[in-house]
Amino acid sequence: LYNTLAIAFLSALIATLIGTCAAIGITAMKAKWRTVIMGVTNIPVLNSDIVTGISLMLLFIACRFTLGFSTILIAHITFNIPYAILSVMPKLKQTNKRTYEAARDLGAGPFQAFMRVVFPDIHPGVLSGFLMTFTMSLDDFIITHFTKGPGVDTLSTKIYSEVRKGIRPEMYALSTLLFLSVMVIMIL
């Protein structure tokens with residue numbers, strides 16, 4: 001449970017931060033490049049999890065990474081970034097670019113203008129991106145299965161390994177609590 005929650009929270013937080021920055025950068029691009037980058041962003045969303053999992057496993061092995069907690073975290077961040085970008089982009093398109101420029105003209109620094117003018121407008125998109133990436137990472141089995149090392153288990157991989165010898169009743173209760181918590185998060 002600890003590994004599952006730690007990976008889900010850290011990957012969602014990092015992917016949302018990277019995705020928000022990427023969405024801001026993509027919005028500032030010219031239309032031609034924006035189309036190309038959004039096409040590349042959609043590839044992991046359209047790809048099946050097994051292709052992503054095997055590709056990342058082969059990349060980690062080729063780069064001589066030791067499979068473990070860090071490789072699972074990197075893999076989850078990698079497949080969560082497009083979902084964060086796709087959650088923030090619509091809110092960025094709704095913002096008025098002149099308000100940022102007005103804040104800069106009134107003496108605010110770039111970071112202060114962003115935090116006081118742009119971020120409140122895109123906050124719902126950032127929050128929905130975080131919640132989506134958190135829930136996607138929380139219940140992912142396939143990518144975790146291919147990028148985990150020995151001794152590192154999440155709930156999904158633990159349940160899968162117990163199917164052969166019989167699942168303990170505690171796992172049913174834990175799975176029910178996890179399902180209910182994800183459902184409440186999604187409703188919120």
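Refer to the structure above for everything that follows.
What you see is a predicted model, and the numbers here were worked out from it, not measured in a lab.

Q: Any chance you could explain the overall build of the protein here in plain terms?
A: Within the protein, the regular secondary structure consists of 9 helices and 0 strands. Listing the helices and strands of the protein from first to last along the sequence gives α-α-α-α-α-α-α-α-α. Dimensions along the principal axes, computed over C-alpha positions, put the protein at roughly 65 × 40 × 25 Å. Counting all 188 residues of the protein, 36% fall into the buried class. Considering only contacts within the protein whose residues lie at least 6 apart along the sequence, 76% involve residues at least 24 apart. Approximately 11,100 Å² of the protein is accessible, and the part contributed by carbon and sulfur atoms is 70%. The positive charge centre, built from 15 side chains, and the negative charge centre, built from 9, are 8 Å apart in the protein.

Q: Can you walk me through the nonpolar core in this structure?
A: One broad trend across soluble globular proteins is that nonpolar side chains are buried collectively. Formed by 15 residues in total, the largest nonpolar core has its most connected members in A23, I85, V88, M89, L92 and I122. Residue assignment for this core shows that the elements contributing at least two residues are α1 (2-27), α4 (69-94) and α6 (110-138). The contacts of A23, once residues within four sequence positions are left out, are I85, V88, M89 and L92. Membership of the second largest hydrophobic core comes to 7 residues, among which are A12, L138, L155 and L178.

Q: Explain the environment of M136 to me, please; I cannot follow it from the model alone.
A: When you line up the elements, M136 lands in helix α6. Using a relative accessible area of 27% as the deciding quantity, one classes M136 as partly exposed. Between the alpha carbons of M136 and E162 there is a distance of 22 Å; along the sequence they are 26 residues apart. Residues contacting M136, with those up to four places away along its chain left out, are F79, N80 and Y83.

Q: What is the right way to read α4 from this model?
A: Because an α-helix packs 3.6 residues into every turn, residues spaced three or four apart end up facing the same way. An ideal rise of 1.5 Å per residue puts 38 Å on 26 residues; α4 measures up with 38 Å between its terminal C-alpha atoms. The principal kink in α4, of about 35°, is found at N80, preceding the proline P82 by one to four residues.

Q: Would you mind showing me how to read the pattern of salt bridges here?
A: Summed over all chains, the structure comprises 3 salt bridges. Of the charged contacts, one joins K148 and D153 as a salt bridge, the two residues approaching to 3.4 Å between their closest N and O atoms. For K148, a relative accessible area of 22% gives the class partly exposed. D153 gets classed as partly exposed once you look at its relative accessible area, which sits at 30%. For R168, the salt bridge goes to E162, with nearest N and O atoms at 3.6 Å. The network of salt bridges with shared partners includes E162, R168 and E170.

Q: Can you walk me through the packing of helix α5 (residues 97-105) against α6 in this structure?
A: Describing two packed helices takes the angle between their axes plus the distance from one axis to the other. Their axes nearest at 9 Å, the elements α5 and α6 cross at an angle of 135°. The angle between α5 and α6 falls in the class oblique. Judged by the twist between their axes, the crossing of α5 over α6 is right-handed. On α6, the residues that touch T99, Y100, A103 and R104 of α5 are P110, A113, F114, V117 and V118. When grouped by side-chain class, the residues that make up the contact of α5 with α6 number 7 nonpolar, 1 polar and 1 charged.

Quick notes on the rules
- Residues numbered from 1 in each chain as written.
- Predicted model: local features only at pLDDT ≥ 70, side-chain atom pairs only at ≥ 80, totals over all residues.
- Heavy atoms only, no water.
- Helix = DSSP H or I, 4+ residues; strand = E, 2+ residues; numbered from the N terminus.
- Buried < 20%, exposed > 50% of the residue type's maximum accessible area, 1.4 Å probe, protein only.
- Contact = heavy atoms within 4.5 Å.
- Areas by Shrake-Rupley, 256 points an atom, 1.4 Å probe, with all protein chains shown as cover.
- Lys, Arg positive; Asp, Glu negative; His and termini not counted.
- Charge placed at Lys NZ, Arg CZ, Asp CG, Glu CD.
- Core = buried A, V, L, I, M, F, W, Y, C linked by side-chain atoms within 4.5 Å.
- Expected span 1.5 Å × (residues − 1).
- Bend = angle between axes of the 7 residues up to and from the residue.
- Salt bridge = Lys/Arg side-chain N within 4 Å of Asp/Glu carboxyl O.
- Axes fitted to C-alpha atoms, helices over the stretch in contact; angles between N-to-C directions.
- Parallel < 35°, antiparallel > 145°, perpendicular 65-115°, else oblique.
- Left-handed = near helix turned anticlockwise from the far one by under 90°.
- Nonpolar A, V, L, I, M, F, W, Y, C, P; charged D, E, K, R; others polar.

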